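Okay, here's what each chain looks like letter by letter:
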Amino acid sequence: MSHSSSSSSGGGMGRTLLWIAIALTVLLLGWVTATAVRANPIYSDRDAHGVSKYHFIELCREELHTPNELPLMLGPGQTQPLLTAVQGTGEMRANDTLQVVSTATVAQTDQAVQAGENGQLQMTLPVLIQFRDTAGATRPLVPVNMQCSYDKTKAESERLQVMLVPGG
């Protein structure tokens, strides 16, 4: 029988130190991750505002995907669904659909989020109302501002408010 076919287990102290080093590394990485997440401004103030800054921005952006019913401010206290207002201009063709796209950069979006009173978050961003035809071509109509707010004190279905305001 040769020496290569026999097995021996050795390295007791080295193996123990290796496992201790692995455990300490995992603990250190866990601590660093937890500290970084708590200090991240995108996720901060979830308790204060009822929603994280990142989630608030995403909620506002999701509203832009269904523009037809977005309220468009026409004057003090007067709003109208965007589709109704645009159809009244005569600019919309039969095969057109409405789109509202943000023209703000990521940095502008991040800076636009402001804490309001009583745990509210607010944001005003420039957006562009445009038409898209069935071939995929787009025609700009008008730049406006999207005003978005989140109020944690309201009922869940009423917390997010989005409105389009002329002046983009």
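Scroll up to find the structure.
Summarised in this report is the structure supplied together with it. In this numbering scheme, every chain counts its residues from 1 along its sequence in written order. Local features in this predicted model are restricted to residues of pLDDT 70 or higher, and side-chain atom pairs are both shown and tallied only at a pLDDT of 80 or more, whereas totals for entire chains, interfaces and linings draw on every residue. Note that the side-chain values use all heavy atoms of the structure and ignore hydrogens as well as water.

Comments concerning the side chain of D96
Consideration 1: Secondary structure counts use DSSP, requiring at least four H or I residues in a row for a helix and at least two E residues in a row for a strand, with both numbered from the N terminus. Locating D96 in the fold gives a position in the loop between α4 (82-87) and β3 (97-102).
Consideration 2: A residue is classified by how much of its surface remains accessible, and D96, at 7% relative accessible area, is buried.
Consideration 3: A distance of 3.0 Å separates a polar atom in the side chain of D96 from the backbone nitrogen of R93.
Consideration 4: A 3.5 Å cut-off defines polar contacts: any pair of N or O atoms within that distance qualifies, except that in protein one atom must be a possible hydrogen donor and the other a possible acceptor, and neighbouring residues in sequence count only when both atoms are side-chain atoms. For D96, the side chain forms a polar contact with the side chain of R139, separated by 2.3 Å.
Consideration 5: Among all residues touching D96, those that are not within four sequence positions of it are E91, F131, R132, D133 and R139. Buried residues are those whose accessible area, probed at 1.4 Å on protein chains only, stays under 20% of the maximum for their type, while exposed residues exceed 50% and partly exposed ones sit between those limits. We call two residues in contact whenever any of their non-hydrogen atoms come within 4.5 Å of each other.

Structural notes on the pattern of salt bridges
Here the idea is simple: oppositely charged side chains can pair when their charged atoms come close.
Consideration 1: Salt-bridge detection follows one rule: a side-chain nitrogen of Lys or Arg within 4 Å of a carboxyl oxygen of Asp or Glu. Counting across every chain of the model gives 3 salt bridges.
Consideration 2: D110 serves as the salt-bridge partner of K53, at 2.7 Å between the closest nitrogen and oxygen. Residue K53 is located in helix α3 (residues 53-63), and its partner D110 is located in helix α5 (residues 106-112); the two are separated by 57 residues in the primary sequence.
Consideration 3: Accessibility expressed as a relative area gives 33% for D110, which makes it partly exposed.

Let's talk about the side chain of Q130
Consideration 1: Positionally, Q130 belongs in strand β5 (residues 120-132).
Consideration 2: Classification of Q130 by relative accessible area gives buried; the value is 11%.
Consideration 3: The contacts of Q130, once residues within four sequence positions are left out, are T97, L98, Q99, V101, T138, R139, P140 and L141.

Comments concerning the state of the cysteines
Consideration 1: We call a pair of cysteine sulfur atoms a disulfide when they lie within 2.5 Å. One pass over the full model with this rule turns up 1 disulfide.
Consideration 2: For C60, the disulfide goes to C148, at an S-S distance of 1.9 Å. Sign of the S-S torsion, about -85° for the bond between C60 and C148, identifies this disulfide as left-handed. A residue pair is termed long-range when its members are at least 10 positions apart, and C60 in helix α3 and C148 in strand β6 (residues 138-151) qualify at 88 residues.
Consideration 3: C60 sits in the buried class, given a relative accessible area of 0%.

Details of the nonpolar core
Consideration 1: By nonpolar core is meant a set of buried Ala, Val, Leu, Ile, Met, Phe, Trp, Tyr and Cys residues that side-chain atoms within 4.5 Å join together. Ranked by size, the top nonpolar core spans 29 residues in total, and within it F56, L82, V100, M123, M146 and L164 carry the most contacts.
Consideration 2: For this core, the secondary-structure elements that each account for two or more residues are α3, α4, β3, β5, β6 and β7 (160-166).
Consideration 3: Examining the composition of this core, we find that 6 residues originate from one element, β5, more than from any other.
Consideration 4: In this structure, M123 is in contact with F56, I57, C60, T109, A112, V113, M146, Q147 and C148, ignoring residues within four places of it in sequence.

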